[in-house]
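Below, each chain spelled out in residue letters.
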Amino acid sequence: MSRKDSINSLFLNKPIPTTSSAAKSPDRVRSGAISAMGSSLHEMAENAKKATKLQQQLAEGEAVISIDTTSIDSSKIVDRIPIDVDPAFDSLVESIAEHGQQVPILVRPNPQVSGRFQIAYGRRRLKAAERLGLPVRAIVRSLSDSQLYIAQGRENLDRKDLSFIEKAFFAKNLEDNGCDRSTIVSALVTDKSDVSRYIAVARQLPESLVKLIGPAPKAGRARWMALVEHLASAEKLRSAHELLSRYADDRLETDARLDALLRAFDGSATKNRTTKVEAWKTPLGKRGARIEAREGKTTIIFEEKVVPDFAQFVSEKLDALYQEYQERNNEGVKP
């Protein structure tokens with residue numbers, strides 16, 4: 001059934017009220033029936049107008065409708081790099097659960113599969129709705145491939161900008177899919193020279209490795225090019241994968257993974273740089289903190305979700321702890 005037929009059936013198939021009281025005279029019954037029919041026809045006309053208006057709004061992308069998340073397919077071009085440590089996404093899920101979805105996503109009718117949609121932007125909101133088992137609120141708009149990619153890039157810039165490496169692989173993926181440079185420039189709101197630099201970096205880095213690192217929003221071109229220089233051999237590439245698997249187990253966030261990887265490669269070239277990493281667990285066996293010693297400095301990183309406010313508690317106890325430490329060390333010292 002077409003969208004027009006579905007809307008018409010929704011609005012137009014209304015039962016016509018009738019009067020069945022035997023106490024009324026034939027004339028009054030006839031008059032009541034005519035009056036009811038006139039009222040019904042008026043209602044049908046009004047509903048028909050509403051249906052036409054709704055159909056027009058859908059065609060123009062003005063209406064927000066609810067769509068089953070299983071009916072929405074991903075775009076052919078991936079822009080965001082998924083991350084496994086994403087506190088902001090957990091907050092988004094909680095917000096939608098409490099307040100509902102405030103901002104709709106943008107989709108188009110899937111040109112390959114009738115009755116399905118393809119997302120232009122709003123993947124995090126779609127994923128949050130999936131997790132909550134809710135339909136997603138969406139604007140439906142007819143878009144060409146180029147319009148879809150441009151909308152995809154522009155929405156990212158308007159909300160949360162893509163990181164350098166995400167822009168690089170977005171540009172590369174667009175080019176690999178046959179997009180011309182003018183479309184890529186419009187999607188990233190940049191110039192041709194920047195697009196060339198993005199694509200050049202993306203073509204020198206294995207995508208599988210970048211996905212293990214994540215988007216690294218604080219890292220610019222210089223840090224990614226430093227990684228390119230370190231990955232000159234197959235042996236270094238294997239070592240990078242092994243290190244990143246370890247960082248994932250330690251639940252390092254994306255920028256910390258890139259920094260740790262670069263330090264590891266730099267450290268392999270400089271013998272006097274040593275790193276020792278330990279984990280502190282709560283009595284329940286949950287990882288509560290990560291203790292890292294490097295080049296004369298020790299860092300303790302607390303897991304706020306596991307031990308909320310514990311870092312503040314420890315910081316307030318530093319004077320007492322240091323005094324206890326001195327007293328213990330002085331016990332064995334003879335006068």
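Residues numbered from 1 in each chain as written. Predicted model: local features only at pLDDT ≥ 70, side-chain atom pairs only at ≥ 80, totals over all residues. Heavy atoms only, no water.

Student: Mind showing me how you'd approach the overall build of the protein here?
Tutor: Secondary structure assignment for the protein yields 14 helices and eight strands. Sorting the 335 residues of the protein into buried and exposed places 33% on the buried side. Taking the contacts inside the protein whose residues are at least 6 apart along the sequence as the reference set, 65% of them involve residues at least 24 apart. Taken as a whole, the protein presents about 20,800 Å² of accessible surface, with 51% of it coming from carbon and sulfur. (Helix = DSSP H or I, 4+ residues; strand = E, 2+ residues; numbered from the N terminus. Buried < 20%, exposed > 50% of the residue type's maximum accessible area, 1.4 Å probe, protein only. Contact = heavy atoms within 4.5 Å. Areas by Shrake-Rupley, 256 points an atom, 1.4 Å probe, with all protein chains shown as cover.)

Student: What is the right way to read the sheet that holds strand β3 (residues 105-109) from this model?
Tutor: The pairing of strands in a sheet happens through backbone hydrogen bonds and is either parallel or antiparallel. Taken together, five strands build an open sheet; the order of strands is β1-β5-β3-β4-β2 and the sheet is mixed. Looking at which strands have only one partner, the edges of the open sheet turn out to be β1 (64-67) and β2 (72-73). Of the pairings in the sheet, the one linking β3 to strand β5 (residues 136-140) comprises three bridges and is parallel in character. Residue pairing for β5: L106 is matched across the bridge by I139. Helix α4 (residues 123-132) rests against β2, β3, β4 (117-121) and β5 of the sheet, and its axis sits at about 125° to β4. (Pairing = 2+ DSSP bridges. Axes fitted to C-alpha atoms, helices over the stretch in contact; angles between N-to-C directions.)

Student: Could you clarify how one ought to interpret the nonpolar core in this entry?
Tutor: General note: in soluble globular proteins, nonpolar side chains tend to be found buried as a group. By size, the foremost hydrophobic cluster in this structure holds 49 residues, and its most contacted members are I165, L205, W224, L227 and L261. Listed in part, the 11 residues of the second largest apolar core include I72, F117, V136 and A138. (Core = buried A, V, L, I, M, F, W, Y, C linked by side-chain atoms within 4.5 Å.)

Student: Just to check I follow, could you spell out the pattern of salt bridges for this structure?
Tutor: Side-chain pairs of opposite charge can arise where the charged atoms are in close proximity. Tallied over the full model, the rule gives 12 salt bridges. Residues K172 and D176 are paired through a salt bridge, measuring 3.0 Å at the closest nitrogen-oxygen approach. With K172 and D176 both in helix α6 (residues 164-176) and four residues apart, the pair spans about one turn of that helix. Overlapping salt bridges, with partners in common, bring together K172, E175, D176, R181 and R203 in one network. (Salt bridge = Lys/Arg side-chain N within 4 Å of Asp/Glu carboxyl O.)

Student: I would appreciate a short explanation of the packing of aromatic side chains in the present structure.
Tutor: The geometry of an aromatic ring pair is captured by the separation of the ring centres together with the interplanar angle, meaning the angle of the planes. Applying the stated criterion across every chain, the model contains four aromatic pairs. Taking the centre distance of 6.1 Å and the plane angle of 20° together, the rings of F310 and F313 count as stacked. Residue F310 and its partner F313 are both found in helix α13 (residues 310-316); the two are separated by three residues, about one turn of the helix. Of the residues examined, F313 reaches a relative accessible area of 43% and is grouped as partly exposed. These aromatic residues form a ring-pair network of at least three members: W280, F302, F310 and F313. Between the NZ or CZ atom of K127 and the centre of the ring of F89, over which it lies, the distance is 4.9 Å. (Phe/Tyr/Trp six-rings, centres within 6.5 Å; stacked < 30°, edge-to-face > 60°. Lys NZ or Arg CZ within 6 Å of the ring centre and 35° of its normal.)

Student: It is not clear to me how the packing of helix α7 (residues 181-188) against helix α8 (residues 192-202) should be interpreted in this structure. Could you clarify?
Tutor: How two helices pack is summed up by the angle between their axes together with the distance between the axes. It is at 10 Å that the axes of α7 and α8 come closest, and there the two elements cross at 95°. Classified by the angle between their axes, α7 and α8 sit roughly perpendicular to one another. Taken together, the residues of α8 that come into contact with α7 (itself represented by R181, I184, V185 and L188) are K192, V195, S196, Y198 and I199. Looking at the contact of α7 with α8 residue by residue, the classes come out as six nonpolar, one polar and two charged. (Parallel < 35°, antiparallel > 145°, perpendicular 65-115°, else oblique. Nonpolar A, V, L, I, M, F, W, Y, C, P; charged D, E, K, R; others polar.)

Student: In this structure, what is going on with the environment of I165? I would like to understand it.
Tutor: Among the structural elements, I165 can be located in helix α6. Exposure remark for I165: the relative accessible area of 0% places this residue in the buried category. Spatially, the C-alpha atoms of I165 and V210 are 8.2 Å apart, while their sequence positions differ by 45 residues. Beyond its immediate chain neighbours, meaning those up to four positions away, I165 contacts I81, V201, L205, V210, G214, P215 and W224.

Student: Could you clarify how one ought to interpret the side chain of T282 in this entry?
Tutor: Tracing the sequence through the fold places T282 in the loop between β6 (275-281) and β7 (287-294). The residues touching T282, leaving out its near neighbours within four places in the chain, are G288, V306 and V307.

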